[in-house]
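# Architecture and fold: a report
Below are the chains, spelled out letter by letter.
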Amino acid sequence: MPKVYLLDYVAGNVRSLVNAIEKCGYVVEWIRSPEDVPKAEKLILPGVGHFGHCLSQLSAAGFLPAIRAHIDAGKPFMGICVGLQALFSSSAEDADCPGICLIPGSLDRFDDSVKAVPHIGWNNASCPTNPTLYGLSPDSKYYYVHSYKYPYVKGELESHGWAVATGTYGTETFVGAVAKGNVLATQFHPEKSGVAGLRVIRSFLDGSGAKALAEHLPQESNIAAELVPKDGLTRRVIACLDVRTNDQGDLVVTKGDQYDVREKGSDRNVRNLGKPVEMAKKYYEQGADEVTFLNITSFRDCPVADLPMLEILRRTSETVFVPLTIGGGIRDTVDVDGTKVSALEIATMYFKSGADKVSIGSDAVIAAEEYYNAGKTLFGNTAIEQISKAYGNQAVVVSIDPKRVYVPKQEATRHATLKTKFPGPKGEEYCWYACTIKGGRETRDLDVVELTQAVEAMGAGEILLNCIDKDGTNSGFDLELINQVKGAVRIPVIASSGAGNPGHFDEVFRETTTDAALGAGMFHRGEYTVQQVKDYLAGKKLVVRKFEG
Ligand code: 1PR
């Protein structure tokens, strides 16, 4: 099989990229030192996380001149995400750290005053002058996850010979991909962009993208202007799989009613709804924009290196080319032999096995309590801070399991209340949401506004907002809860718990500003497919990503 060389310099989920490359019929060889770069014919620079962290690691290891020489020699080069950003001169993310300076210009941060940042989800990469650049398509969507971007100014990069594909987030149009000669770079993750992304990787690997670019006569941009989609992010639909070992010792997908995952009958068996890897693949093929695994019992007595979810991720990432999140047990742990294992080390094992994000539950609540007890001081030692520093904010999700608490009036509690349309059992008109830990078994004196603001300050990149009252009820999402949390933070929020039919997804996207919506039971029980949800949303004129088979 033909070879492609991948630069191994930075932490992150490169397993998915390797899987995507192998799916395209190539084998990966790692470049581990600058001296090895000249042997690479085709070189890929993957990148996640922080611009400064990435560039300083590349620089310290002596890679920068070697990469530059590879590009100057006219050999095929592809940069992904921070691998695109690295080609520019600098970034506001770390103004003291210079880039590779192949493209003049500096990156800046998305404006978060009116929209959630990071920009996470499926967006366009459209090039009006060359709509099929490296296999891109104006009808396809690509998976982005980043806070910094190169702002697009029409004609600027083109005047230096670059073909440019853009996306638009809110009112900001940014560079989604650039190509010139032997160089292709994408801000989006092609390895996480389903079939549309695999097409881009393939056209880089087989040289057809560069060949077509060389033969292409740029058109006037207005010729193809109608091919440029006007919309930004699509409505993200996520399938969630709660996983645990059942009483027979098998790893199964389960689903609770208000977190009770046992059957109602007298034997009280753990509800078994299927096998995790197979179900993840099924949802990917139905068009799920992401798949989330929640390891709801954390496999407490298992050696860390043998965590069953590691194998599940490895196998899932071979066939599922959309983002994978793993939650449950991401905390400092003592292994069965007494060795201490940090949350960062556990997260690293998950990333290396194919996860793109880790989701932290109970540990985030404890960290938030300590944050407030210390007068809102950050010490840098929490799992959230350490993982987001190493892998970027976008890699850290905080999963919340709140419970509604009714009060007769606002003054009855110090917590952030809201006036509810659904009064409590004694006619109480106000409520607040208490955070819980240990799968809802222990309620803490911390509300969702406090928790989400604390974890945002610590560097979390996204909130997975469950709701114990709604979980498994099929009665729709808790819109009041979602609006309260959306009003409290600027990072994206995923609405979860209560979805029972496609109309509930339409409702949550219309009546809240949620950034994504997640379903579990309705998919597992086969009542609806992800595809049906998306078709329903499309019928209601909401923009969704279509699955490309
Ligand atoms: O505390 O860091 O070890 O993480 C544990 C993780 O496991 C948390 O993310 C927590 O939400 C989850 N978890 C723990 N116990 C349960 C349980 O069900 N007994 N599941 C549990 C949480 C909620 C969602 C569910 C939605 C949608 N389940 O996963 O998928 O509510 O369901 P629906 O659409 O069917 O209503 P840590």
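Residues numbered from 1 in each chain as written. Predicted model: local features only at pLDDT ≥ 70, side-chain atom pairs only at ≥ 80, totals over all residues. Heavy atoms only, no water.

## What about the overall build of the protein?
Of regular secondary structure, the protein possesses 16 helices and 27 strands. Relative to its length of 549 residues, the protein is compact, with a C-alpha radius of gyration of 23 Å against a globular reference of 24 Å. A principal-axis box enclosing the C-alpha atoms of the protein has dimensions of 75 × 55 × 45 Å. For the protein, with 549 residues in total, the buried portion stands at 59%. The contacts in the protein between residues at least 6 apart in sequence include a share of 69% that link residues at least 24 apart. A total accessible area of about 21200 Å² is found for the protein, and carbon and sulfur atoms account for 50% of it. (Helix = DSSP H or I, 4+ residues; strand = E, 2+ residues; numbered from the N terminus. Rg over C-alpha atoms; globule rule 2.2 N^0.38 Å. Buried < 20%, exposed > 50% of the residue type's maximum accessible area, 1.4 Å probe, protein only. Contact = heavy atoms within 4.5 Å. Areas by Shrake-Rupley, 256 points an atom, 1.4 Å probe, with all protein chains shown as cover.)

## Some thoughts on helix 14 (residues 502–511)
Every buried residue of helix 14 is accounted for by Pro502, His504, Phe505, Asp506, Val508 and Phe509. The inward-facing, buried residues of helix 14 abut strand 13 (236–245), helix 13 (479–486), strand 26 (493–495), strand 27 (516–519), helix 15 (521–524) and helix 16 (530–539).

## Concerning the side chain of Asn130
Note on placement: Asn130 falls in the loop between strand 7 (119–123) and strand 8 (142–146). Excluding residues that lie within four positions of it along the chain, Asn130 makes contacts with Leu213 and His216.

## Quick look at the pattern of salt bridges
Close approach of charged atoms allows side chains of opposite charge to pair. In this structure the tally under the stated criterion is 37 salt bridges. A salt bridge links Arg314 to Glu311; the shortest N-O distance between them is 3.0 Å. Of the two residues, Arg314 and Glu311 both sit in helix 8 (residues 308–319), three residues apart, roughly one turn of that helix. Judged by its relative accessible area of 27%, Arg314 falls in the partly exposed class. (Salt bridge = Lys/Arg side-chain N within 4 Å of Asp/Glu carboxyl O.)

## Remarks on the side chain of Ser497
One can find Ser497 in the loop between strand 26 and helix 14. Within the local environment of Ser497, its side chain forms a polar contact with the backbone nitrogen of Cys467, the two atoms lying 2.9 Å apart. Ignoring any residue separated from it by four or fewer positions in sequence, one finds Ser497 in contact with Asn466, Cys467, Lys470, Asp471, Gly476, Phe477, Asp478 and Leu518. (Polar contact = N/O pair within 3.5 Å; in protein donor to acceptor, adjacent residues only side chain to side chain.)

## Here's the deal with the packing of aromatic side chains
In total, this model carries 13 aromatic pairs according to the counting rule given. Ring centres 4.6 Å apart and planes at 35 degrees place the aromatic pair Tyr142 and Phe188 in the tilted group. Of this pair, Tyr142 sits in strand 8 while Phe188 sits in the loop between strand 12 (183–186) and helix 5 (194–205), placing them 46 residues apart in sequence. Each of the two residues, Tyr142 as well as Phe188, counts as buried. An angle of 70 degrees between the planes, with centres 5.1 Å apart, marks the rings of Tyr371 and Tyr372 as edge-to-face. A connected cluster of aromatic rings, assembled from ring pairs, spans Phe110, Tyr142, Tyr144, Tyr169, Phe174 and Phe188. Of note, Lys115 hangs over the ring of Tyr169, and the distance from its end group to the ring centre comes to 5.3 Å. (Phe/Tyr/Trp six-rings, centres within 6.5 Å; stacked < 30°, edge-to-face > 60°. Lys NZ or Arg CZ within 6 Å of the ring centre and 35° of its normal.)

## Overview of helix 11 (residues 383–391)
Buried residues of helix 11: Ala383, Ile384, Glu385, Ile387, Ser388 and Tyr391, and no others. Against helix 9 (343–352), strand 19 (357–360), helix 10 (362–373), strand 20 (396–400) and helix 12 (448–458) lie the buried residues of helix 11. Positive phi shows up at Gly392, right after helix 11, with a value of about 95 degrees.

## Description of the sheet that holds strand 11 (residues 172–180)
Judged by pairing direction, the sheet is mixed, and its seven strands sit side by side in the order 2-1-3-4-12-11-10 without closing on themselves. Among the strands making up the open sheet, the edge pair consists of strand 2 (27–31) and strand 10 (163–169). Direction aside, the axes of adjacent strands within the sheet are offset by 25 degrees on average. Of the strand pairs in this sheet, strand 10 and strand 11 are connected by seven bridges, and their pairing is antiparallel. Among the inter-strand pairings, Val164 is bridged to a residue of strand 11, identified as Val178. (Pairing = 2+ DSSP bridges. Axes fitted to C-alpha atoms, helices over the stretch in contact; angles between N-to-C directions.)

## Regarding the packing of helix 13 against helix 14
In contact at an axis separation of 10 Å, helix 13 and helix 14 are set at 35 degrees when each is read in the N-to-C sense. Where helix 13 crosses over helix 14, the handedness of that crossing is right-handed. Two secondary-structure elements touch here, helix 13 through Leu479, Ile482 and Asn483 and helix 14 through Glu507, Val508 and Glu511. Its residues assigned to classes, the contact of helix 13 with helix 14 shows three nonpolar, one polar and two charged. (Left-handed = near helix turned anticlockwise from the far one by under 90°. Nonpolar A, V, L, I, M, F, W, Y, C, P; charged D, E, K, R; others polar.)

## Regarding the nonpolar core
Counting 163 residues, the largest nonpolar core has Leu7, Ile21, Phe293, Tyr350, Ile387 and Phe505 as the members making the most contacts within it. In this structure, Leu7 is in contact with Trp30, Ile31, Val37, Leu43, Ile44, Leu45, Pro46, Leu58, Phe63 and Ile67, ignoring residues within four places of it in sequence. Cys240, Val397, Ile494 and Leu518 belong to the second-largest nonpolar core, a separate cluster that totals nine residues. (Core = buried A, V, L, I, M, F, W, Y, C linked by side-chain atoms within 4.5 Å.)

## Some points on the packing of helix 10 against helix 12
Closest axis-to-axis distance for the helix 10/helix 12 pair is 9 Å, and the angle between their directions is 85 degrees. On the basis of their axis angle, the class for helix 10 and helix 12 is roughly perpendicular. In this structure, helix 10 uses Ala364, Val365, Ala367, Ala368, Tyr371 and Tyr372 to contact helix 12, whose residues at the interface are Glu450, Leu451, Gln453, Ala454, Val455, Ala457 and Met458. Within the contact of helix 10 with helix 12, the residues separate by chemical class into eleven nonpolar, one polar and one charged. (Parallel < 35°, antiparallel > 145°, perpendicular 65-115°, else oblique.)

## Points about the sheet that holds strand 6 (residues 103–109)
Read across the sheet, three strands follow the order 5-6-9 without closing on themselves; strand pairing throughout is mixed. The outermost strands of the open sheet, each flanked by one partner alone, are strand 5 (88–91) and strand 9 (148–149). Both strand 6 and strand 9 contribute to a ladder of two bridges, which runs antiparallel. Bridging from a neighbouring strand, Arg109 pairs with Tyr148 of strand 9.

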